[in-house]
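# Inside the fold
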Amino acid sequence: MIVLDSPFFLATLACVLMTAKSSGQNPNNYVVDISEPNEPGPFHDLTRTELIKLRSFLEKEPNIRAEKSNNASVGSSYIFTADVFLPKKADVLKFLDGAGRCPRPERRARVIMFRGDKSPAVVEEYICGPLPEVSRCDLLNLTTFRNPVEFSVRPFNGLETAAMETVILREVDRR
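Residues numbered from 1 in each chain as written. Predicted model: local features only at pLDDT ≥ 70, side-chain atom pairs only at ≥ 80, totals over all residues. Heavy atoms only, no water.

If you look the protein up in an unreviewed UniProt entry, it shows as Copper amine oxidase N2-terminal domain-containing protein from Candidula unifasciata.

## With respect to the overall build of the protein
Regarding its fold elements, the protein presents four helices and five strands. Reading the protein from its N end, one meets helices and strands in the order α-α-β-α-β-β-β-β-α. Every one of the 175 residues in the protein was classed for burial, and the buried ones make up 27%. In the protein, once contacts between residues fewer than 6 apart in sequence are set aside, the share between residues at least 24 apart is 57%. Of the roughly 12500 Å² of accessible surface on the protein, a fraction of 58% belongs to carbon and sulfur atoms. (Helix = DSSP H or I, 4+ residues; strand = E, 2+ residues; numbered from the N terminus. Buried < 20%, exposed > 50% of the residue type's maximum accessible area, 1.4 Å probe, protein only. Contact = heavy atoms within 4.5 Å. Areas by Shrake-Rupley, 256 points an atom, 1.4 Å probe, with all protein chains shown as cover.)

## Let's talk about the pairing of strand β3 (residues 122–129)
Buried residues dominate β3, accounting for eight of its eight residues. Burial along β3 is two-sided: V122, E124, Y126 and C128 facing one way and V123, E125, I127 and G129 facing the other are all buried. In terms of strand pairing, strand β2 (residues 108–115) meets β3 through seven bridges, oriented antiparallel. Looking across to β3, one finds that A109 is bridged to C128. Following β2, the chain reverses through six residues before pairing antiparallel with β3. As judged from the two bridges shared by β3 and strand β5 (residues 149–150), these two strands associate in the antiparallel manner. Among the inter-strand pairings, V123 is bridged to a residue of β5, identified as V149. In this structure, β3 lies alongside strand β4 (residues 136–139), joined through four bridges in antiparallel fashion. Bridge assignment links I127 to a residue of β4, and that residue is D138. Counted between consecutive antiparallel strands, the loop separating β3 from β4 contains six residues. (Pairing = 2+ DSSP bridges.)

As structure tokens, then:
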């Protein structure tokens, strides 16, 4: 994950820009194009459209029932993160080397769900696709790690911070 305001990222960006400027090799005048492609490539991050449709699917899927972010609580099912799930290397190479003759690999998303609504609560990873019109989500099934995992091993997040602050402040105000 790249933190855009980290000192390392900013220093690297400055070096790249200075190098490009001194060599005169920046064809787009130092303008960063942030528009979304109509057909994202196999390695392109999830687009805004894909994320919106993915979230909508997860909210409606009866086996997942993800809460909308403004209603989520530690005891509900909510999306912790979503990222592109890379296709198999052989499929990508076939597509790239095929000059349009081989099918584009299906774009899918890897979604980590915090499932506080289950008993016991767990963390689950899903593979959802095809993007952008998601029609299925399956639990990620790998032999290298367990899925789901215990809720107690999940990373800390802002939702839990807010819940703890509410409980702690209520106790402090009471005394």
